[in-house]
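# Structural features, examined
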Amino acid sequence: MLLIAAFALPSDSTAQQRQDGGRLYRWVDKNGVTQFGDSIPPEYSNVDRDILNRQGIRVDFEEGEITPEERAVLDQRQAAEDQRRQAQLAVARRDHMLLQAYSVVSEIEDLRDRRLELLESQIKVTELYLTNLRKRLVGLQEEASDFKPYTTRSDAPQIPENLALDISRTAGSINVYEATLSRTRADQRALRVSFDNDIERFKELKGG
């Protein structure tokens, strides 16, 4: 017990240093033995340590120096925590918006149906454009079938420049409208899922 007390309490000289503004540190060495001192040996600069008052009572804590690898792990953990908090804030903002914007489920459903109907109209118009463009391309290709490179006849003339340009532009327009149609259909599916989620969340917030 006397030996423990000797380790637990600073010496008179160390206590005097503490009283004069010095620090008494307590750390664990590589052998697992608790050490005391008014400074940290360089080989233990990466070890966490307690700061004691002149009565040997812990009053503060210092984190030891960390390696780049340890810093990377800590930064990764902090980034994950920040992301989690941001997600929680986003959910809270979304919940607040739902409760402020709607009073009953039918209001959400009405807005969903209007927006889906608008996208459906865009899809139908795009499909009509595509139908007409494809018909035009077929006609142009039939017209070009007597010209090289659309025929194997060796005596066939080269396709007129304006006809070749018309075919190229029509095929390009078809590609553009097909991409537009694909995006609009994807937007329609995403919108439906988003509103379905909002409806379910609104029901939860309202208690079913």
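Anything mentioned here points back to the structure above.
Since the model is a prediction, treat every value here as computed from it, not as a measurement.

### Some thoughts on the overall build of the protein
The secondary structure content of the protein amounts to five helices and four strands. From first element to last, N terminus to C terminus, the protein shows the α and β order α-α-β-β-β-β-α-α-α. Within the protein, contacts between residues at least 6 apart in sequence are counted, and of these 52% link residues at least 24 apart. Of the accessible surface of the protein, which amounts to about 14800 Å², a share of 51% is contributed by carbon and sulfur atoms.

### Digging into unusual backbone geometry
For residues besides glycine, phi is generally negative; the peptide bonds are generally trans as well. Here the amide bond leading from Lys148 into Pro149 is cis, since omega sits at 10°, within 30 degrees of zero. Within the element layout of this structure, Pro149 appears in the loop between helix 4 (105–144) and helix 5 (161–205).

### Some details on the sheet that holds strand 3 (residues 49–52)
The strand order 2-1-3-4 describes an open sheet built from four strands, whose pairing is antiparallel. Pairing within the sheet leaves two strands with one partner each, and these edge strands are strand 2 (34–37) and strand 4 (58–62). Neighbour to neighbour, the strand axes of the sheet diverge by 30° on average, direction disregarded. When strand 3 meets strand 4, the two strands line up antiparallel, connected through four bridges. Note on strand 4: the bridge partner recorded for Asp50 is Phe61.

### Quick look at the nonpolar core
Note that soluble globular proteins tend to have their nonpolar side chains buried in a common cluster. Formed by Ile123, Leu130, Leu133, Leu137, Leu140, Ala144, Ile159, Leu163, Ile167, Ile174 and Leu181, the largest nonpolar core amounts to eleven residues. Every element with two or more residues in this core is listed here: helix 4 and helix 5. When residues of this core are assigned to their parent elements, the largest contribution, six residues, is made by helix 4. Look past the residues within four positions of Leu181 in its chain and what remains in contact with it is Ile123, Thr126, Glu127 and Leu130. Residues Tyr102, Ile108, Leu116 and Leu191 belong to the second largest nonpolar core, which totals ten residues.

### Here we look at the side chain of Thr126
Examined against the element boundaries, Thr126 turns out to sit in helix 4. Judged by relative accessible area, Thr126 falls into the buried class, the value being 8%. Within polar-contact distance, the side chain of Thr126 engages the backbone oxygen of Gln122 at 2.8 Å. In contact with Thr126, other than residues within four places in its own chain, are Tyr177 and Leu181.

### What to know about the pairing of strand 2
Two faces belong to every sheet, and in a regular strand the side chains alternate between them. Bridge count between strand 1 (residues 24–28) and strand 2: four bridges; the pairing is antiparallel. Counted as the bridge partner of Arg26 is Phe36 from strand 2. From the end of strand 1 to the start of strand 2, which pair antiparallel, there are five residues, and Gly32 there has a positive phi angle of about 85°.

What counts and what doesn't
Residues numbered from 1 in each chain as written. Predicted model: local features only at pLDDT ≥ 70, side-chain atom pairs only at ≥ 80, totals over all residues. Heavy atoms only, no water. Helix = DSSP H or I, 4+ residues; strand = E, 2+ residues; numbered from the N terminus. Contact = heavy atoms within 4.5 Å. Areas by Shrake-Rupley, 256 points an atom, 1.4 Å probe, with all protein chains shown as cover. Pairing = 2+ DSSP bridges. Axes fitted to C-alpha atoms, helices over the stretch in contact; angles between N-to-C directions. Core = buried A, V, L, I, M, F, W, Y, C linked by side-chain atoms within 4.5 Å. Buried < 20%, exposed > 50% of the residue type's maximum accessible area, 1.4 Å probe, protein only. Polar contact = N/O pair within 3.5 Å; in protein donor to acceptor, adjacent residues only side chain to side chain.

None of this, on its own, says anything about what the molecule does.
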